[in-house]
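# Structural characterization, general
Chain by chain, the residues run as shown.
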Amino acid sequence: MNPQQQPQAPYAPYAPQYQGYTDQPGYPPPQPQAGGGGYPPAPYPPPGTQSPQQGYWGSPYPPAAPQGYGQPQQMYAPNQPYGGGGYQPVMVQPGMPGHPAPVMVQPGGWMPIPQGIPNCPPGLEYLTAIDQLLVHQKVELLEAFTGFETANKYTIKNTLGQKVYWAMEDTGCCNRMCCGAARAFDMKILDTYQNEVLHFNRPLRCSSCWFPCCLQTMEVTAPPGNVIGYVEQDWSILTPQFSIKDQNGDTVLKISGPFCTFSICGDVEFEVLSTNGTQVGKISKQWSGLGREMFTDADHFGINFPMDLDVRVKATLLGALFLIDYMFFEKSGNKEQDRPGMF
């Protein structure tokens, strides 16, 4: 005698408890039938009646209702819409026009690195997303108390206070002690991974208007060995004047300073001008407090420029800031050496 075909019951995630036996999980054993063994057939509910509240063989999960009858009880939580506590959907794909480039988040107070910037020297991606930098020189206690000239160190930050670069002077002790603020130097600009992304080279030259053929200059390379611009002092009697040039030697910006660069409870500003004389930015030596100004040469600077300016020109302007610091605000033996004009 062949048993009748069993209807398909929904799968349960685990086997239910069988009340007639011990508390071990599992299904009940088959009940003996007259004429043969096997499970008893479970009849379908007659048309027009509700499905039983309890499933087959005591299972708490109801069977699927045949088509045309009442809907089965909801067994799982309904689908949640986006924004209900999970991850947000990706609304903007990287590189889409009109949207900012993706960034890589950096720990330790560092600015996130913009990603996917085309035609940009490695390490200068930061400069594509900012129009202002703050440069803070580190206070050297040995230099403050003894007057012994030490190598300068700087922290370069954005307006949010996030670190963008480190700057470290690379000079010899004899060079610093003998030549003072007029010394030749190499300045290394390092990123968060201590990679050198910019290099400034200042040769030993004069700055006075009495030597027009041997005025100050600085070479900017990024990465080191690849020239991207120059800073050159222009001959002037009354005010400091500089030219910002590209890698081909063409002037792209000008810098004009004040007649007196001595900081008396206020900022000293150098205007950044376009080639037609329009101001597009500035380099400011910021007042950092009476004690800091009197007893150290650890200065604070700010520089701003157009956001859409070429990153190579931005980097060259940063080099001009360091050249201005050494020419007008670096002390020798903690002694102020400022003078009016360019004499």
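In what follows, the accompanying structure is described. Everything numeric in this text was worked out from a predicted model, so none of it was measured. (Residues numbered from 1 in each chain as written. Predicted model: local features only at pLDDT ≥ 70, side-chain atom pairs only at ≥ 80, totals over all residues. Heavy atoms only, no water.)

## Points about the overall build of the protein chain
Along the protein chain, the regular secondary structure elements total four helices and 14 strands. Scored against the burial criterion, the 343 residues of the protein chain give a buried share of 37%. Summarising the internal contacts of the protein chain: among those between residues at least 6 apart in sequence, 44% fall at separations of at least 24. Of the accessible surface of the protein chain, which amounts to about 19800 Å², a share of 57% is contributed by carbon and sulfur atoms. (Helix = DSSP H or I, 4+ residues; strand = E, 2+ residues; numbered from the N terminus. Buried < 20%, exposed > 50% of the residue type's maximum accessible area, 1.4 Å probe, protein only. Contact = heavy atoms within 4.5 Å. Areas by Shrake-Rupley, 256 points an atom, 1.4 Å probe, with all protein chains shown as cover.)

## Focus on unusual backbone geometry
With omega at -10°, the peptide bond leading from Ala-222 into Pro-223 counts as cis. Along the chain, Pro-223 falls in the loop between β8 (217-221) and β9 (227-234). The backbone of Asn-119 shows a phi angle near 55°, a positive value even though the residue is not glycine. Mapping Asn-119 onto the fold places it in the loop between β2 (113-114) and β3 (132-137). The backbone of Gln-194 shows a phi angle near 65°, a positive value even though the residue is not glycine. Within the fold, Gln-194 resides in the loop between β6 (185-190) and β7 (196-202). On the basis of relative accessible area, Gln-194 is assigned to the partly exposed category, the value being 48%.

## Notes on the state of the cysteines
Inspection of the entire model under this criterion finds zero disulfides. In this structure Cys-174 is not part of a disulfide, and its nearest cysteine sulfur, from Cys-173, lies 5.5 Å away. When its relative accessible area of 62% is taken as the criterion, Cys-174 is described as exposed. (Disulfide = S-S within 2.5 Å.)

## Focus on the nonpolar core
In this structure, Ile-189, Leu-198, Ile-255 and Phe-322 are the most contacted members of the largest nonpolar core, which totals 52 residues. Looking at which element gives the most residues to this core, the answer is helix α4 (residues 311-329), with 14 residues. Ile-255 has contacts with Pro-240, Gln-241, Phe-242, Ile-244, Phe-270, Glu-271, Val-272, Ile-283, Leu-317, Ala-320 and Ile-324, leaving out every residue within four places of it along the chain. (Core = buried A, V, L, I, M, F, W, Y, C linked by side-chain atoms within 4.5 Å.)

## Structural notes on the packing of aromatic side chains
Counted under the stated rule, the structure contains nine aromatic pairs. For the ring pair Phe-200 and Phe-322, a centre distance of 5.8 Å and an interplane angle of 40° mean the geometry is tilted. Here Phe-200, found in strand β7, pairs with Phe-322, found in helix α4; they are 122 residues apart in sequence, far enough to count as distant. The pair Phe-200 / Phe-322 is uniform in exposure class, with both members buried. Summarising the aromatic geometry, the rings of Phe-301 and Phe-329 are spaced 5.7 Å apart at their centres and angled 65° between planes, so their arrangement reads as edge-to-face. Remark: Phe-329 occurs in helix α4 and Phe-301 occurs in strand β14 (residues 300-304); sequence separation between them is 28 residues. (Phe/Tyr/Trp six-rings, centres within 6.5 Å; stacked < 30°, edge-to-face > 60°.)

## As for the pattern of salt bridges
According to the stated counting rule, one finds seven salt bridges in the structure shown. Between Lys-254 and Asp-234 there is a salt bridge, and its shortest N-O distance comes to 2.9 Å. Separated by 20 residues along the polypeptide, Lys-254 in strand β11 (residues 251-256) and Asp-234 in strand β9 bring together distant segments of the chain. The class for Lys-254 is partly exposed, based on a relative accessible area of 27%. (Salt bridge = Lys/Arg side-chain N within 4 Å of Asp/Glu carboxyl O.)

## Focus: the sheet that holds β6
Strands sit in the order β3-β4-β5-β6-β7-β8-β9-β10-β11-β12-β13-β14 around a closed barrel of 12 strands; the barrel is antiparallel. Sheet twist, expressed as the average angle between the axes of neighbouring strands with direction ignored, equals 20°. Bridge count between strand β13 (residues 279-286) and β14: five bridges; the pairing is antiparallel. From the neighbouring strand, Ile-283 faces β14, where its bridge partner is Ile-303. Against the sheet, α4 contacts β3, β4 (153-157), β5 (163-170), β6, β7, β8, β9, β10 (241-246), β11, β12 (268-273), β13 and β14, and its axis sits at roughly 40° relative to β9. (Pairing = 2+ DSSP bridges. Axes fitted to C-alpha atoms, helices over the stretch in contact; angles between N-to-C directions.)

## Notes on α4
Compared with the 27 Å implied by 1.5 Å per residue over 19 residues, the 26 Å span of α4 between its first and last C-alpha is a close match. Extensive coverage of α4 is indicated by the burial of 19 of its 19 residues. The N-cap of α4, judged by a side-chain oxygen 3.0 Å from the amide nitrogen of Arg-312 a few residues on, is Asp-310. (Expected span 1.5 Å × (residues − 1). Polar contact = N/O pair within 3.5 Å; in protein donor to acceptor, adjacent residues only side chain to side chain.)

## Notes on the environment of Ser-208
With respect to the helices and strands, Ser-208 occurs in the loop between β7 and β8. Residues Ser-208 and Ser-236, spaced 28 residues apart in sequence, show a C-alpha to C-alpha distance of 8.9 Å.

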